[in-house]
Structure formats: C-alpha cells, structure tokens
Amino acid sequence: MPVPDTWGRPLRNLRLSVTDRCNLRCQYCMPERDYVWLPRSDILDFEEISSLVDVFADLGVDRVRLTGGEPLVRRDLPELVRLLAQKPLLKDIALTTNGVLLAERAAALERAGLKRVTVSLDTMRPDRFQALTRFDDHARVLAGIEEATRLGFTAVKIDAVIIRGVNDDELVPLLEYGRRVGAEVRFIEYMDVGGATRWSRDKVVSRAEMLGALARRYGPIHPVVEESSAPAERFRLADGTTFGIIASTTAPFCRSCDRSRLTADGLWYLCLYAARGTDLRGPLRAGASRQELRELIEGTWSRRADRGAEERLALRDRSALVPVTTLRRDPHLEMHTRGG
Ligand code: SF4
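Quick summary incoming for the structure in this document. (Residues numbered from 1 in each chain as written. Predicted model: local features only at pLDDT ≥ 70, side-chain atom pairs only at ≥ 80, totals over all residues. Heavy atoms only, no water.)

## Focus on the overall build of the protein
Note the threshold: Only DSSP runs of H or I covering at least 4 residues are called helices, and only runs of E covering at least 2 are called strands; the numbering of each starts at the N terminus. Exposure categories follow from relative accessible area, calculated using a 1.4 Å probe and restricted to protein chains: below 20% of the type maximum is buried, above 50% is exposed, and the middle band is partly exposed. Note on contacts: a residue pair qualifies if any of its non-hydrogen atoms lie within 4.5 Å across the two residues.
The secondary structure content of the protein amounts to 12 helices and 12 strands. Based on the C-alpha atoms only, the size of the protein along its principal axes is roughly 60 × 50 × 45 Å. Every one of the 340 residues in the protein was classed for burial, and the buried ones make up 56%. Looking at the protein alone, contacts between residues at least 24 apart form 74% of all its contacts between residues at least 6 apart.

Put into structure tokens, the structure is as follows:
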C-alpha cells in the first residue's frame, strides 16, 4: 500500500531529474543570461539513483518520469532506463524532453525499456521557436517527435505552454500537427514557478479561454471521463481527436497530487512550489541502510501537507514566485533543477 500524506494522497509518481543542464533557454523557464549550476560531484550516479528508486518503490512509487533540465543531455541515459526497467514494482517509465536530441536517442531508449515520451513543443513556427528558446532547433524537435511516434512507445505526447501574446494563436496548428503525427497534445497554462521570472497573471491563457478558442474552430468539445491522478484533463473533438489541458494556474489539482521530485543531486521535493527539499544524497553517501532511507522517506511523506498551486491561486497579489537574486542563491528553486 502506498504511504498516504496528511491529505490521504499516496506516494506514487516520482519525477527524477537527471541533470540541471539544458540545451535550450525557454523564456518561461530559463530567461536569464547566466545560471548557477549544481556541482558535478553532487550529481547522483545511476547506481545511486537506482538505490533510491528501490526505496521509493518499496513505499508505493510505481511510476517514474525522467526529467531535467533536459534529460537527454545526460550521457548514457539508456543505461539508467535499463536499470529502472528491471524493477518489477515500476509499472511505468516515462521521459519528458525538449526533443532536440530525441531523433538520435529514441530507439536506444525504447530498446532499454522506456514506455512513454512527452515532448515540449510550444510553436509550429521556426522563427518563433528561435525567439522562445534562443536556439534554431525546431526541425530537430519535429524530427524527434516523428521518430518517437514511429517506434513502439505506448504513448507520445506533446506539451505546449500557452502564453498570451506569444503563442496563443497556435492552439489549432499544434493540435493539427499532433493529430497528423499521432501524438496527443496537452496545452499547459503558464505557471508562476521558480525560474519563471517574467510571469504575470495577464499572460496566463486559462483553460476556459483555450476551450473557447478550440470550440470556435472545431465545434462542441466533450470531456473524456476517466479516473486518473494525471494533471491533464482530457477532451474529445467531434471527430474523436483527444487533447489535454493542464490548468495548474487557474484550476489546480493539488488534492489528487501524488507527485514528488528528486533533483539530480538528491534533494527530494514534495511540491513544485516547495521552498525546501529533503536531502537524500547525504544519508545515501554516508552509508544509510535501505531501512533507514525508507524511514526517512516514509516519515517525510506522511507529514506532507503541500498544496502549492492552490495556495498561489488564493493570493490576491500574485507575481513571479522567486526573484532572480534568490534563485542565484539557491538554484534548487529553479524549475529546470527541480524538473517541471
Ligand atoms: S502545486 Fe504541488 S501539490 Fe499542487 S499539484 Fe503541483 S506539485 Fe502537486
């Protein structure tokens, strides 16, 4: 039985950030010129990650998602996937990537046991991609998505963060592209998480606005009724095309949140908005036994009361979560360190 937190939410989904580095500089995640990186000696090796995942799995974690930074910049990632795929308690191993390196790495990852892939893609326009990410890699991302859909993954998804005045005119082109290549698109409301230093409320395109725009183009949209703790609400067009909306900003889903995040240097965060994490690297490297780590993780989760997005929603005066100077002092507050 998974361990429940104070709201009865089980410890189930673990997002494993394998690196804080990224090969893009998306405006909503890494808009600054310079960053403070985690020291290399602090980064967990694959054996260490695997040992921690064993303890998490003992306590109920059965889904793991590899994140970053950009996880594909970590060398030999298929080795880690192979280690995780051998764990009988894990039902699902997924990856979130920006897609730049996916075309060349997807086959090895699939052979190693990766089940699902989510690719971030916010625009169908190469010029806009360059403005958004500061790199000219749009064609490589599309090639990555298309290669992934050709392979045997259970699912390939496209995540698009929608920002007013930036790409809110691209709901239809993104949906059409996903339909054409066989990848379900999920539209994500712009969130005021760490790193999103340019966030403001007026740039958020709400779920209701997105549904309105899509209904004007496609006609009636129906919700897909399903039992799930997944963040996306799914919808169906009249022709059967499905898509998701992740309304983390205007309609948070903290009440069913079973996700936690382990950074590449072994800090464990119970919420995307949490100010502090629990150090697992220290005890692991000091020789803590599996039982001692289990007690630390179980005790920490059983006290969890985090509802970050709901608390943010209740704020009247809401601006970016953390100022740049604070991010420089503690890079763990960055979304690219914590894994979005
Ligand atoms: S804000 Fe925190 S508690 Fe709420 S859904 Fe996100 S990670 Fe979960």
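Structure shown, so let's carry the discussion forward.
## Thoughts on the packing of aromatic side chains
Using the following cut-off: Pairs were defined over the aromatic rings of Phe, Tyr and Trp, the Trp ring being its six-membered one, requiring ring centres within 6.5 Å. Orientation was assigned from the angle between planes: stacked under 30 degrees, edge-to-face over 60, tilted for the rest. Working rule: Lys NZ or Arg CZ, within 6 Å of ring centre, within 35 degrees of ring normal, means a charge sits over the ring.
Using the criterion set out here, one finds 5 aromatic pairs in the structure. A cation over a ring is seen here: Arg217 above Tyr218, with NZ or CZ 4.8 Å from the ring centre.

## A short note on the pattern of salt bridges
Two side chains of opposite charge can pair, provided their charged atoms sit close to one another. Just so we agree on the cut-off: Note on definitions: salt bridges are taken to be side-chain nitrogens of Lys or Arg within 4 Å of carboxyl oxygens of Asp or Glu.
Considering all chains together, one arrives at 29 salt bridges under this definition. A salt bridge links Arg304 to Asp5; the nearest nitrogen and oxygen atoms lie 2.9 Å apart. With Arg304 in the loop between helix 9 (290-302) and helix 10 (308-314) and Asp5 in the segment before strand 1 (13-17), this residue pair connects regions lying 299 residues apart in the sequence. Across the pair, exposure class does not vary: Arg304 and Asp5 are buried alike.

## Here's the deal with helix 9
What counts, and what does not: Helix span, as expected, comes to 1.5 Å for every residue beyond the first.
With 13 residues, helix 9 extends 18 Å from end C-alpha to end C-alpha; this agrees with the ideal 18 Å at 1.5 Å per step. Within helix 9, burial applies to Leu293, Ile297, Gly299, Thr300 and Trp301. Each element contacted by the buried residues of helix 9 is listed here: helix 1 (46-58), strand 10 (259-262), strand 11 (267-269), strand 12 (278-279) and helix 8 (281-285).

## Observations concerning the sheet that holds strand 2 (residues 63-67)
In plain terms, the rule: Pairs of strands are assigned from DSSP output, requiring at least two bridges between the strands. Interaxial angles span 0 to 180 degrees and are taken between N-to-C directions of axes, which are lines fitted to C-alpha atoms, for helices over the stretch in contact.
If you trace the 12 strands from one edge of the open sheet to the other, you get 7-8-9-6-5-4-3-2-1-10-11-12, paired in mixed fashion. One side of each edge strand has no neighbouring strand; the edge strands of this open sheet are strand 7 (222-223) and strand 12. Both strand 5 (residues 155-162) and strand 6 (residues 184-189) contribute to a ladder of 6 bridges, which runs parallel. Residue pairing across strands places Ile158 opposite Val185, the latter belonging to strand 6. Against the sheet, helix 2 (residues 77-85) makes contact with strand 1, strand 2 and strand 3 (92-97), and its axis sits at roughly 175° relative to strand 2, the strand it touches most.

## What about the site of the ligand?
We count it as follows: Here a residue counts as near a molecule or strand whenever at least one of its heavy atoms sits within 4 Å of it. Under the scheme applied here, ten amino acids are nonpolar (Ala, Val, Leu, Ile, Met, Phe, Trp, Tyr, Cys and Pro), four are charged (Asp, Glu, Lys and Arg), and all others, including Gly, are polar.
Surrounding the ligand, one finds Phe253, Cys254, Cys257, Arg259, Arg261, Cys271, Leu272, Tyr273, Arg304, Asp306, Gly308 and Ala309. Within the residue set of the shell around the ligand, elements represented by two or more residues are strand 10 and helix 10. Across the shell around the ligand, the residue classes tally to 7 nonpolar, 1 polar and 4 charged.

## Some details on the pairing of strand 4 (residues 116-120)
Rules: Crossover handedness is defined by viewing with both strands directed away from the observer: a clockwise path from the first strand over the helix to the second marks the crossover as right-handed.
Pairing geometry for strand 3 and strand 4, over 4 bridges, is parallel. Bridged to Thr97 within strand 4 is Val119. A crossover connection joins strand 3 to the parallel strand 4 through helix 3 (residues 102-112); in handedness this β-α-β unit is right-handed. As judged from the 5 bridges shared by strand 4 and strand 5, these two strands associate in the parallel manner.

## Observations regarding the pairing of strand 1
If a strand is regular, its side chains alternate between the two faces of the sheet. Within strand 1, 5 of the 5 residues are buried, which leaves it mostly tucked inside the rest of the structure. What you see with strand 1 is no split at all: Asn13, Arg15 and Ser17 on one side and Leu14 and Leu16 on the other are buried throughout. The pairing of strand 1 with strand 2 spans 5 bridges and is classified as parallel. Each residue of the ladder has a partner; that of Leu16, found in strand 2, is Leu66. As a crossover connection, the stretch from strand 1 through helix 1 into strand 2 is right-handed. Pairing of strand 1 with strand 10 involves 4 bridges; the strand directions are parallel. Directly across from Leu14, in strand 10, lies its bridge partner Ser260.

So yeah, pure geometry; function would need other evidence.
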